[in-house]
Amino acid sequence: MALAEAGARGRLLLWPRVVLFGDSITEFSFQENGWGASLAERLVRKCDVVNRGLSGYNTRWAKLILPRLISKSTGAESTVAVTIFFGANDSALKDLNPKQHVPLEEYAANLKSMIQYLKSVDITEDRIILITPPPLQESAWEKECLAKGDKLNRCNATTGEYAQACVQVARDCGTDVLDLWTLMQKNQDFSSYLSDGLHLSTKGNSFLAAQLWSHLENKLSALPSLLPYWRDVDHTNPEASLL
């Protein structure tokens, strides 16, 4: 059978997708032992996990990008979940990092704007998960800053204010939320979750992967495997099994 004929006979295969939208903690999530890679492994043959992490970005920039990533014509219908994971850069101290800093009230408004946009392209609240920034281990991050000739440009108390704002936005908008800032600090030595005081270590990636799956499992675990198991394909008439 010619490929064109096979394509005409079979229905187009549209993989459902989960979109991970965030900053460097999302961009790095497909590295070895990353939380995004862990999620993709859980969902292989069921769902594509799409990494749309943008290192260094804040919500002011993200809200401009989001309509270019997801629209009614570019996959909104097949999008079964979206994570929005910003705040680590927004919460940078204004005086020391004005380029990335976003005021707290604007940060909350930007999150709401992104949720409202997703709803406008028919991605409902139950498919949206906000993730707060993780806690900041100040002494470790200060070493990173000093190595670049900078002063410590973030503090954990400020990051916590942004985390609380993220949680409140989720409550106001009816979305799910993963409060990473609070959950990680239930461990007194939360620094083990961080590789440099800001980004996630292997342990931190595993922790986030497990916490996120607990939010996604009910939404996604019932997705069927796409295409039959190879032993179930009729080798004498594969068209009957595959088209």
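Residues numbered from 1 in each chain as written. Predicted model: local features only at pLDDT ≥ 70, side-chain atom pairs only at ≥ 80, totals over all residues. Heavy atoms only, no water.

Topic: unusual backbone geometry
The residue Arg45 is not glycine, and still its phi comes out positive at about 70°. Here the phi dihedral of Leu227 falls at roughly 70°; this positive angle occurs in a residue that is not glycine. Note on placement: Leu227 falls in the loop between helix H9 (202–220) and helix H10 (238–242). Accessibility expressed as a relative area gives 37% for Leu227, which makes it partly exposed. (Helix = DSSP H or I, 4+ residues; strand = E, 2+ residues; numbered from the N terminus. Buried < 20%, exposed > 50% of the residue type's maximum accessible area, 1.4 Å probe, protein only.)

Remarks on the side chain of Asp23
Within the element layout of this structure, Asp23 appears in the loop between strand E1 (17–22) and helix H2 (24–27). No salt bridge is formed by the buried Asp23; its nearest oppositely charged neighbour, Arg154, is found at 7.5 Å. (Lys, Arg positive; Asp, Glu negative; His and termini not counted. Salt bridge = Lys/Arg side-chain N within 4 Å of Asp/Glu carboxyl O.)

As for the layout of surface pockets
Each pocket or cavity is described by its volume, and for the second largest pocket that value is around 190 Å³. Lining the second largest pocket we find Asn89, Leu96, Asn97, Gln100, Trp141, Glu144, Cys145, Lys148, Asp150, Lys151, Asn153 and Arg154. Residues that form the lining of the second largest pocket fall into these classes: three nonpolar, four polar and five charged. (1 Å grid on protein atoms, 1.4 Å probe; cavity = no way out; pocket = protein on both sides within 12 Å on 5 of 7 lines; lining within 4 Å. Points joined across faces, edges and corners; volume = space filled by probe spheres on them. Nonpolar A, V, L, I, M, F, W, Y, C, P; charged D, E, K, R; others polar.)

Comments concerning the sheet that holds strand E5 (residues 176–178)
As summarised here, the arrangement of the five strands in space is E2-E1-E3-E4-E5, forming an open sheet in which the pairing is parallel. Only two strands of the sheet have a single partner each, and these edge strands are strand E2 (48–53) and E5. Each strand axis lies, on average, 20° off the axis of its neighbour in the sheet, ignoring direction. Bridging between strand E4 (residues 128–131) and E5 involves three bridges; their strand directions are parallel. Each bridged residue has a counterpart across the sheet, and for Leu130 the counterpart in E5 is Val177. In the packing of helix H3 (residues 35–42) onto the sheet, contacts are made with E1, E2 and strand E3 (79–85), and the angle to E1 comes to roughly 175°. (Pairing = 2+ DSSP bridges. Axes fitted to C-alpha atoms, helices over the stretch in contact; angles between N-to-C directions. Contact = heavy atoms within 4.5 Å.)

As for empty space enclosed by the protein
One water molecule sets the probe size; rolling that probe over the atoms shows where empty space is left. Tallying each qualifying case throughout the model produces one cavity of 30 Å³ or more. In this structure, the largest cavity occupies an estimated 40 Å³ of space. Looking at the largest cavity, the residues that line it are Trp35, Ser38, Leu39, Arg42, Ala209, Leu212 and Trp213. Mapped by element, the contributors of at least two residues to the lining of the largest cavity are H3 and H9. The leading source of residues in the lining of the largest cavity is H3, at four residues. Looking at the lining of the largest cavity, its residues break down into five nonpolar, one polar and one charged.

With respect to the packing of aromatic side chains
Taken as a whole and assessed by the stated rule, the structure comprises six aromatic pairs. Where Tyr57 meets Trp61, the ring centres are 5.3 Å apart and the plane angle is 85°; that geometry is what we call edge-to-face. A relative accessible area of 27% means that Tyr57 is categorised as partly exposed. Overall, Trp61 belongs to the partly exposed group, its relative accessible area being 27%. Ring centres of Tyr107 and Tyr162 lie 5.2 Å apart, and the angle between their planes is 55°; on these two criteria the pair is classed as tilted. (Phe/Tyr/Trp six-rings, centres within 6.5 Å; stacked < 30°, edge-to-face > 60°.)

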